[in-house]
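Below are the chains, spelled out letter by letter.
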Amino acid sequence: MGPLIIARMPAIRAFALASLLGAPAPQSPPDTARLSRLVAIEDSRPADLRVLAPLIDALASPDTLVVRVAARGLGRQERAELIDPLAALLTHPNAGVRGEAVNAIGQGALEARTDHARNLLEGRLRAEPDPAVQGILLRTLGRLPVQAGAGRGYTEQLLIRAGGDPEAPPEVLAGMAHGLQSLFRRTAADAPPSLEAIERLVELLDRRYPPLVRRLAMALLVASQQTDSGILIEALQDSSSEVRRLALVAAANQRTLAGRERVVRRAWRDPSPQVRLEALRAFAAHMARRDGCASLQAALNDPDAHVRLLAIDLLGGCGAGVAPRLREIAGRVNLTDTNWHAPAHALVSLARIQPAVADSLIQVYLASPVWWAVMYAARAAEASSNRSALRVIARSRHPNVREAAIDALRRQTGHASDSLYIAALDATDYQLVRTAAVALDSSSHPRAARIVLETLRRLSRTRSETSRDTRVSLLQTLATIGRPELASALRPFLADFDPVIAAHAGELMNRWGQSGVRPAPRPLPPARVPGWSELERLSRTSVILEMKGGGRITIRLRPFDAPTNAARLAAMAREGKFNGLTFHRVAANFVVQGGSPGANEYSGQDRFTRDERGLLSHARGTVGLSTRGRDTGDGQIFINLVDNWRLDHTYTVLGEVTEGMDVVDAMLEGAVIERARVAEEPNDR
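Residues numbered from 1 in each chain as written. Predicted model: local features only at pLDDT ≥ 70, side-chain atom pairs only at ≥ 80, totals over all residues. Heavy atoms only, no water.

Draft legend 1. Examining the overall build of the chain more closely. Summing up its helical and strand segments, the chain has 34 helices and nine strands in all. The C-alpha atoms of the chain give a radius of gyration of 27 Å, which matches the 26 Å a tight globule of 685 residues would have. Each principal axis of the C-alpha atoms in the chain carries an extent, and together these give about 75 × 65 × 55 Å. Taking all 685 residues of the chain together, 59% fall into the buried category. Excluding contacts between residues fewer than 6 apart, the proportion of contacts in the chain whose partners are at least 24 apart in sequence is 69%. (Helix = DSSP H or I, 4+ residues; strand = E, 2+ residues; numbered from the N terminus. Rg over C-alpha atoms; globule rule 2.2 N^0.38 Å. Buried < 20%, exposed > 50% of the residue type's maximum accessible area, 1.4 Å probe, protein only. Contact = heavy atoms within 4.5 Å.)

And the structure:
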């Protein structure tokens, strides 16, 4: 039973994950007031453990829903001191409670008391009867920090033995595979997986196992760097396109692989564009130098736009023989919002092969009304070392175009372009200002320090948490270009609303000889946290993105897993904040990311939301929260185009695409959200 079906069953809406763990839904009405308080305390991330007392007290509640919410909240504090209170739940009669406690203990052991947590979880693994909880135990044991050598080998053997039964339940096998992939990802470079582990993974590719288990096993084999062409050819017969795609990832990433060409050639004919795209990458990495670029040119006729764009990009590494074709594509300069991609990519590739030819076209691109195309012209100008064009582009009115040129000038000309960097400090776009600040690092320009300081003051007056990265960069640059006389000017920042900025200001003042300086930040009032009744409504809610040019993407929210972030996504859709915004990042076979008012990484909503990381995985089609560090959600989201297991326990999952993945798959950079709306199912309980 898939998570969407589960979430729609009225009897378990109060906590959708309960069914996944075999726990019964609450039979009596939930104590919504208490649950709301627990969610608010979880979100507050208090430094004082005494504030967490209601969560700790709730672990003894007879209401299993209350216990689960409390355990989850304690785990998200990621504090080793909370492991012992959670340990008592490992023998709780409710499987859902035990599973949540296991995950919470793993979160508490991220940096300290790892051995204690491992001993607790190993002991429970020997006694745990429920397959779903066994799977969570294995998954958690695999992600605990381990020491190289014996500790790593011991964990590997523990996981293999626990999932060694060919008839083990799928939950156990998936948990073992999740645990191993976490372990291998962190340690395979130092200590390759054992032969026994590889043999077990190959067994799990058998068609008698569920697709999820096969996908995980194939991902592990990729991480192991120990596949052979026989395994990969067999994987190319799998009905799951994700297994087949991963076989080509292995063919691209593995340094030595006898029979690599046979694997790659076979994948050219795969019906899945995602598989063909990885085949193209593998060919370019290992075969193009020997065979030439004819196959890359043939891929220009692929029916999938992402495959064609990758082929154009890869042709930039070929010789002059492909220049006429690139010139022909780049010369299609009658650009619109929907047809700029191939010409702009071709311009950049052409600049790598024939700079003079590309330069003749760059001037035409500068007049384009499509700012995306002009931004790519800046990239082409950097590739061709056309500094005069970069200086022109650096004066563009569009922040993202200007930022691309300034970043290129920093690499090409250094401080010779300081006047352009200083001029950019007047901007309101955080990404542009940040890039200009980085470019001014160690500058000797006589006005640089004063203007950097004034820019810091100006941006601080907005009291926007999203300004953090930009203001940190301004302070870091000020440290290299300022003088101790400026120390007193930083004193107001000791009481900044952002503790990170206050800490940086204090550190710089101390470096400049101001002894005894202590930051005393004054944080903004807490953001609103949704109450339990609101979460119940959101459990029946989807956000629908209607895309410009046609197509619709329906996102089912997961409010009981990500309360504040699911609520924010719904609120932004209701308030029209997504209307007209773009998916500014499209990384083929990885993610699409959007929801930025400035169509860039650093422009978002003014307030941060907390990470809400839990048991949900970043499988294909899930919707994650984009962040730039812990607890820095700014309203941007990403959609996983493939299984991105490596993002688990690092990024929040707040929903899943239930309709329109074909629209997501076809999305190109700059795709516009024409309108976002919220659809709520009736409460039929």
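Draft legend 2. Layout of the nonpolar core. Grouped together as the largest cluster of nonpolar side chains are 219 residues, with contacts concentrated most on Leu248, Leu490 and Ile553. Per element, the largest residue contribution to this core is 10 residues, and it comes from helix α24 (residues 371-383). For Ile553, the residues in contact, after removing those within four places along its chain, are Val543, Ile544, Leu545, Met547, Ile639, Val657, Glu659, Gly660, Val663, Val664 and Met667. (Core = buried A, V, L, I, M, F, W, Y, C linked by side-chain atoms within 4.5 Å.)

Draft legend 3. Looking closely at the state of the cysteines. Considering all chains together, one arrives at one disulfide under this definition. Residue pairing for Cys293: its cysteine sulfur links by disulfide to Cys318, the two sulfurs lying 1.9 Å apart. Torsion about the S-S bond of the Cys293 and Cys318 cystine: about -95°, corresponding to left-handed handedness. Taken together, the residues span a long stretch of sequence, with Cys293 in the loop between α18 (288-291) and α19 (294-298) and Cys318 in the loop between α20 (305-315) and α21 (323-330) at a distance of 25 residues. When sorted by exposure, Cys293 lands in the same class as Cys318, which is buried. (Disulfide = S-S within 2.5 Å.)

Draft legend 4. Structural context of the environment of Arg458. Its location among the elements puts Arg458 in helix α29 (residues 448-460). The exposure class of Arg458 is partly exposed, given its relative accessible area of 24%. In this structure, the C-alpha to C-alpha distance between Arg458 and Thr428, residues 30 residues apart in sequence, is 9.5 Å.

Draft legend 5. Structural detail: the sheet that holds strand β5 (residues 591-594). What the nine strands build is an open sheet, ordered β3-β9-β1-β2-β8-β6-β7-β5-β4; its pairing is antiparallel. Looking at the sheet topology across the chains shown, the edges are occupied by β3 (582-583) and β4 (585-587). Bridge count for β5 against strand β7 (residues 637-640) is four bridges, and the pairing is antiparallel. Bridge pairing in β7 places Gln593 opposite Phe638. (Pairing = 2+ DSSP bridges.)

Draft legend 6. Structural detail: the packing of aromatic side chains. A complete count under the given rule lists six aromatic pairs for this structure. With 5.9 Å between their ring centres and 10° between their planes, Trp340 and Trp372 make a pair best called stacked. Taken together, the residues span a long stretch of sequence, with Trp340 in the loop between α21 and α22 (341-353) and Trp372 in helix α24 at a distance of 32 residues. An identical accessibility class is assigned to Trp340 and Trp372; each is buried. Consider the rings of Trp371 and Trp372, whose centres lie 4.1 Å apart with planes at 25°: the pair is stacked. For Trp372, a relative accessible area of 6% translates into the label buried. Three or more aromatic residues joined by ring pairs form one cluster here, namely Trp340, Trp371, Trp372 and Tyr376. Above the face of the Tyr376 ring, Arg379 is positioned so that its terminal group lies 4.4 Å from the ring centre. (Phe/Tyr/Trp six-rings, centres within 6.5 Å; stacked < 30°, edge-to-face > 60°. Lys NZ or Arg CZ within 6 Å of the ring centre and 35° of its normal.)

Draft legend 7. Seen up close, the packing of α24 against helix α26 (residues 399-413). Their axes nearest at 8 Å, the elements α24 and α26 cross at an angle of 5°. Considering their axes alone, α24 and α26 lie roughly parallel with respect to each other. Residues Trp371, Val374, Met375, Ala378 and Glu382 of α24 form the contact with α26, whose own contacting residues are Asn400, Val401, Ala404, Ala405, Ala408, Arg411 and Gln412. In terms of residue class, the contact of α24 with α26 is built from eight nonpolar, two polar and two charged. (Axes fitted to C-alpha atoms, helices over the stretch in contact; angles between N-to-C directions. Parallel < 35°, antiparallel > 145°, perpendicular 65-115°, else oblique. Nonpolar A, V, L, I, M, F, W, Y, C, P; charged D, E, K, R; others polar.)

Draft legend 8. Main features of the environment of Ala573. Position of Ala573 among the secondary structure elements: in helix α33 (residues 563-574). Exposure remark for Ala573: the relative accessible area of 3% places this residue in the buried category. Each residue touching Ala573, except ones within four places of it in the same chain, is listed here: Val543, Phe578, Ala676, Arg677 and Val678.

Draft legend 9. A look at unusual backbone geometry. The phi dihedral of Glu78 is positive, around 55°, even though this residue is not glycine. Mapped onto the secondary structure, Glu78 falls in the loop between α5 (64-75) and α6 (83-87). Owing to a relative accessible area of 19%, Glu78 belongs among the buried residues under this scheme. A positive phi angle, close to 50°, is found at Arg463, a residue other than glycine. Mapped onto the elements of the fold, Arg463 is located in the loop between α29 and α30 (468-481).

Draft legend 10. Just the pattern of salt bridges, in detail. Applying the stated criterion across every chain yields a total of 54 salt bridges. Among the ionic pairs, Asp238 bridges to Arg214, the shortest N-O distance being 2.8 Å. Taken together, the positions of Asp238 in the loop between α14 (229-235) and α15 (241-253) and Arg214 in helix α13 (residues 211-224) put the pair 24 residues apart, joining distant regions of the chain. A residue is classified by how much of its surface remains accessible, and Asp238, at 3% relative accessible area, is buried. A relative accessible area of 3% places Arg214 in the buried class. Ionic pairing is found between Arg290 and Asp291, a salt bridge with its closest N-O pair at 2.5 Å. When salt bridges that share partners are traced, they join Arg45, Glu78, Arg610, Asp611, Arg613, Arg630 and Asp631 into one network. (Salt bridge = Lys/Arg side-chain N within 4 Å of Asp/Glu carboxyl O.)

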